[in-house]
Amino acid sequence: MRSYKTITYEDRKNIEKMYKSGMSMLMIAEAIGKNYSTVYRELQRCPKGQYTADEAQRDVERAKERQKAANKVNSQIRKEKKENEYKSRICACLRINPQANIEDVRKATGIPIEKLTKYYDKLQREVVNK
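Scope of this entry: the structure provided in the associated data block. Quick caveat, the model's predicted, so the values are computed rather than measured.

A look at the pattern of salt bridges
Side chains that differ in charge, positive against negative, can pair when their charged atoms come close.
Part 1 of the argument: All chains considered together, the criterion is met by 14 salt bridges.
Part 2 of the argument: A salt bridge links glutamate 55 to arginine 62, with the nearest nitrogen and oxygen atoms 3.1 Å apart.
Part 3 of the argument: Residue glutamate 55 is classed as partly exposed on the basis of its relative accessible area of 24%.
Part 4 of the argument: Here arginine 62 falls in the partly exposed class, since its relative accessible area comes to 38%.
Part 5 of the argument: Where salt bridges share partners, they join Arg12, Glu42, Arg45, Glu55, Arg58, Asp59 and Arg62 into one cluster.

A closer look at the side chain of asparagine 35
Part 1 of the argument: Summarising the element assignment, asparagine 35 is placed in the loop between α2 (25-32) and α3 (36-43).
Part 2 of the argument: Polar side-chain contacts of asparagine 35 include one of 2.4 Å to the side chain of threonine 38.

What about the nonpolar core?
Part 1 of the argument: Counting 13 residues, the largest nonpolar core has Ile90, Leu94, Val105, Ile111, Leu116 and Leu123 as its most contacted members.
Part 2 of the argument: The set of elements that each furnish at least two residues to this core consists of α4 (53-96) and α6 (113-129).
Part 3 of the argument: Each residue touching isoleucine 90, except ones within four places of it in the same chain, is listed here: Val105, Ile111, Leu116, Tyr119 and Leu123.
Part 4 of the argument: Of all hydrophobic cores here, the second largest spans eleven residues; its members include Ile7, Met18, Cys46 and Ala56.

What counts and what doesn't
Residues numbered from 1 in each chain as written. Predicted model: local features only at pLDDT ≥ 70, side-chain atom pairs only at ≥ 80, totals over all residues. Heavy atoms only, no water. Salt bridge = Lys/Arg side-chain N within 4 Å of Asp/Glu carboxyl O. Buried < 20%, exposed > 50% of the residue type's maximum accessible area, 1.4 Å probe, protein only. Helix = DSSP H or I, 4+ residues; strand = E, 2+ residues; numbered from the N terminus. Polar contact = N/O pair within 3.5 Å; in protein donor to acceptor, adjacent residues only side chain to side chain. Core = buried A, V, L, I, M, F, W, Y, C linked by side-chain atoms within 4.5 Å. Contact = heavy atoms within 4.5 Å.

Here it is, written out as structure tokens:
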């Protein structure tokens, strides 16, 4: 039964030994219980013919760090979009009724009160003074 789970460091050490002994990727895959494409992808982590378990492990760690950084940026982008959406909805509500108080705007927009209190005063001044 083949396991399609991630390759562990121990798997990498075994792959390195088998690869350097001249075994084919198919033979390596069968020996460690992974599919061929998993072993192929693993061997691509290092320059052709220079696979080492340590270098492959470092590549995995670098990839995880890059993913973390990308997730952080994406999270910030989503947060900014949400904040802009809140501001837009508050302004729209205040354009319709410039005298609307914060509770009226909360009921009309459904925006959480902590977000409303953050933007309401400034946006109301902007809308009323236009």
